[in-house]
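Results of the structural survey
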Amino acid sequence: MNETVPGTSDRPGTVASGTSHQPVSSREVRRRFERHQKRRSTLIALTSTLVVVGLLVALIPQTPGWYKVKRSFFDGDVFSETFPRLLEAFVKDVQIFLWCAPCILVWGMVLAVCRSVRTPALFPLRLFAAAYTDVFRGVPVILTILLIGFGVPGLGMDRPWNSPYLWGSVALVLTYSSYVAEVFRAGIESVHESQRAGARSLGLSSGQTLRFVVIPQAVRRVVPPLMNDLVSLQKDVALVSLIGPIEILRQAGIDKSKFANFTPYLGAALIFLALTIPETRFVDHLMARERRRTSGTTIR
Amino acid sequence: MNTKISLRSVEKSFGDRKVLDGVDLDVASSEVIAFIGSSGSGKSTLLRCINLLESIDDGAILLDGVDISLPGLDADPIRRRIGMVFQNFNLFPHMNVLRNVTLAPRKVLGLSADEADDRGHELLRRLGLHDRAGAYPDQLSGGQQQRVAIARSLAMEPEVMLLDEITSALDPELVGEVLDVVRELKGNGMTMLLATHEMGFAREIADRVCFLHQGQILECAPPNELFGAPRNERTQQFLQRVIDSGRL
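Keep in mind that what you see is a predicted model, and the values were worked out from it rather than measured. (Residues numbered from 1 in each chain as written. Chains lettered and ligands numbered in written order. Predicted model: local features only at pLDDT ≥ 70, side-chain atom pairs only at ≥ 80, totals over all residues. Heavy atoms only, no water.)

It is worth spelling out the overall build of chain B at this point. Within chain B, the regular secondary structure consists of nine helices and ten strands. The C-alpha radius of gyration computed for chain B amounts to 18 Å, which stays within 12% of the reference 18 Å derived for 248 residues, consistent with globular compactness. Summarising its shape, the C-alpha atoms of chain B cover approximately 55 × 45 × 35 Å along the three principal directions. Taken over 248 residues, chain B has a buried fraction of 55%. The contacts of chain B with a sequence gap of at least 6 include a subset with a gap of at least 24, amounting to 65%. Total accessible area on chain B stands at roughly 10300 Å², and carbon and sulfur atoms take up 43% of it. Side chains of chain B give 27 positive and 36 negative charges; the mean places of these two sets differ by 1 Å. (Helix = DSSP H or I, 4+ residues; strand = E, 2+ residues; numbered from the N terminus. Rg over C-alpha atoms; globule rule 2.2 N^0.38 Å. Buried < 20%, exposed > 50% of the residue type's maximum accessible area, 1.4 Å probe, protein only. Contact = heavy atoms within 4.5 Å. Areas by Shrake-Rupley, 256 points an atom, 1.4 Å probe, with all protein chains shown as cover. Lys, Arg positive; Asp, Glu negative; His and termini not counted. Charge placed at Lys NZ, Arg CZ, Asp CG, Glu CD.)

Our focus in this paragraph is the nonpolar core. One finds Ile36(B), Leu124(B), Ile150(B), Met161(B), Leu163(B), Met192(B) and Phe227(B) to be the most contacted residues of the largest nonpolar core, which totals 49 residues. Here this core takes seven residues from helix 6 (residues 172–187) of chain B, the largest share from any one element. Beyond its immediate chain neighbours, meaning those up to four positions away, Ile36(B) contacts Lys43(B), Thr196(B), Met199(B), Ala202(B), Val209(B), Cys210(B), Phe211(B), Leu212(B), Leu226(B), Phe227(B), Phe238(B) and Leu239(B). Grouped together as the second largest cluster of nonpolar side chains are 41 residues, Ala101(A), Leu111(A), Leu226(A) and Met227(A) included. (Core = buried A, V, L, I, M, F, W, Y, C linked by side-chain atoms within 4.5 Å.)

Glancing now at a nonpolar patch on the surface. On the surface, Val69(A), Phe73(A), Phe74(A), Leu249(A), Phe262(A) and Tyr265(A) cluster together into a nonpolar patch covering about 490 Å² of accessible area. Note on placement: Phe74(A) falls in the loop between helix 2 (66–73) and helix 3 (76–116). (Patch = residues over 30% accessible without salt bridge, like charges linked within 9 Å, V, L, I, M, F, W, Y side chains within 5 Å. Salt bridge = Lys/Arg side-chain N within 4 Å of Asp/Glu carboxyl O.)

Contacts between the two partners involve 22 residues from chain A, matched on the other side by 25 residues from chain B. Interface area for chain A against chain B, summed over the two sides, is near 2000 Å², with a carbon-plus-sulfur share of 59%. Joining chain A to chain B, the criterion identifies one salt bridge. The tally of links from chain A across to chain B stands at five residue pairs in polar contact (both at pLDDT 80 or more). Among the elements of the structure, helix 7 (193–201), helix 8 (206–236) and helix 10 (263–294) of chain A are those that each provide at least two residues to the side of chain A that touches chain B. For the side of chain A that touches chain B, the leading source of residues is helix 7 of chain A, giving seven residues. (Buried area = accessible area lost by both parts, 1.4 Å probe. Polar contact = N/O pair within 3.5 Å; in protein donor to acceptor, adjacent residues only side chain to side chain.)

Okay, the packing of helix 3 (residues 97–107) of chain B against helix 4 (residues 113–126) of chain B next. Residue and element names in this part refer to chain B. Closest axis-to-axis distance for the helix 3/helix 4 pair is 9 Å, and the angle between their directions is 125°. Judged on the interaxial angle alone, helix 4 and helix 3 are oblique. Helix 3 and helix 4 meet at a crossing whose hand is right-handed. Where helix 3 abuts helix 4, its residues Val97, Leu98, Val101, Thr102, Pro105 and Arg106 lie against Ala113, Ala116, Asp117, Gly120, His121, Leu123 and Leu124. (Axes fitted to C-alpha atoms, helices over the stretch in contact; angles between N-to-C directions. Parallel < 35°, antiparallel > 145°, perpendicular 65-115°, else oblique. Left-handed = near helix turned anticlockwise from the far one by under 90°.)

Moving on to the side chain of Gln251(A). Along the polypeptide, Gln251(A) turns up in helix 9 (residues 248–259). Gln251(A) sits in the buried class, given a relative accessible area of 13%.

Right, let's talk about the sheet that holds strand 2 (residues 17–28) of chain B for a bit. Residues and elements named next belong to chain B. The strand order 2-1-4-5 describes an open sheet built from four strands, whose pairing is antiparallel. Two strands in the sheet have a free side with no partner beyond their single neighbour: strand 2 and strand 5 (66–67). Its contacts with the sheet put helix 1 (residues 43–50) on strand 1 (3–14), strand 2 and strand 4 (58–63), and the angle it makes with strand 1 is roughly 120°. (Pairing = 2+ DSSP bridges.)

See the structure below:
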């Protein structure tokens, strides 16, 4: 569907013939009306966009502070000088992301499975998983990072056990695994009971049913919300800078102070976008491919 | 004839609603029993109880003379011996046809991938699906899906098959291909219990037809008897309604 304009349709001539007095001319009238409507809505969309953009371009430079903002956020020289350093620092963000993400997915899945266990004997496990997700979903990431990042190294352990990279990552894993666990759990619960009946009727145990039938379907279903969380993680890695590591956000802060200019922040933002936008598109692509592979027809 | 399955005063309630109210039945080896009755009469629940997907509240279910309904019994080894086919197929949508059929033989019976594949291909050939081994369930017609479900169940080489309204979700023109498979199973001497709305088919294939009403078997007789001269008043009423709606 490219057109979402109400009242228009790509199928002209759907007049109920029983009620029309002059079928032919009525169809022509409708077709003309619909064409007119479509042309009109395109025109309106185009005009309003032009007006808004035009106003922004015309009005923003009129503001009293524009000259200063332009100088401190859009400084080309500062940009080209700091950008390579930012890019270098960003490698650290990617590294932290790359070792956190698998841990989060695995740990999140373990928690989700714990919460889905139905055996009464394993109730304590379920309780633990529930309490865990409640706590870590309820505390802002930044607080968890500060508490763990400053708290645990305070125990005075030797290297590498006092590394801010380690404890920053641990904080991210703790927090994000609670998000991811909830996503997985929703996926597990969305798999219809009849799938379990089908599997159990073949003699598969409850564990085998979970492993071969339920979880594979659950994971496929939750890939989009999961990617949401991973893209958020990619961004929240920057918060680890609060406890020491010089990654991109910290580097941008250092350069900001050095040049007394905010342009490095803009550079950092662009670098993040350069990674997160393709990430999202790539997943969309994977999902579409999976849909094409397993189903006969695609709705919409 | 030795008795394959015995139901002894089986009772089952969902909350306050009594779904099975003292069901007694002996099923001989290679016998085909068709359960008929209106929706909610307990046909499906009865089959699910026999496959231990539901636990019963009272009574006993015997398989080869052994009570399989005892609480605390490991249900998995029993389910291996009893195949079940569902109204809505319950195929695994993330696996292709062959994987659907070979999953349980590999994971439960411990067959190697090659052995399981051989068994799977053989079954698919028998059911006329050999060219669809690599397809996914969503790419198949309802009739094909149901045949895959039957193949999946047969791959465990069950001693008894429970067929729960296996043609109810199918378009009329696809019913025939599935019923052909059931005929073939009967020809091979499979013990089968089926819940069905296909009166004509029940009449053709069943050795005995049992009429269920409000969780009780009111009448159980060879098809000619039950359809020709039903003794119970409720059975007569039910069959009359079926005839009136043009389904017999």
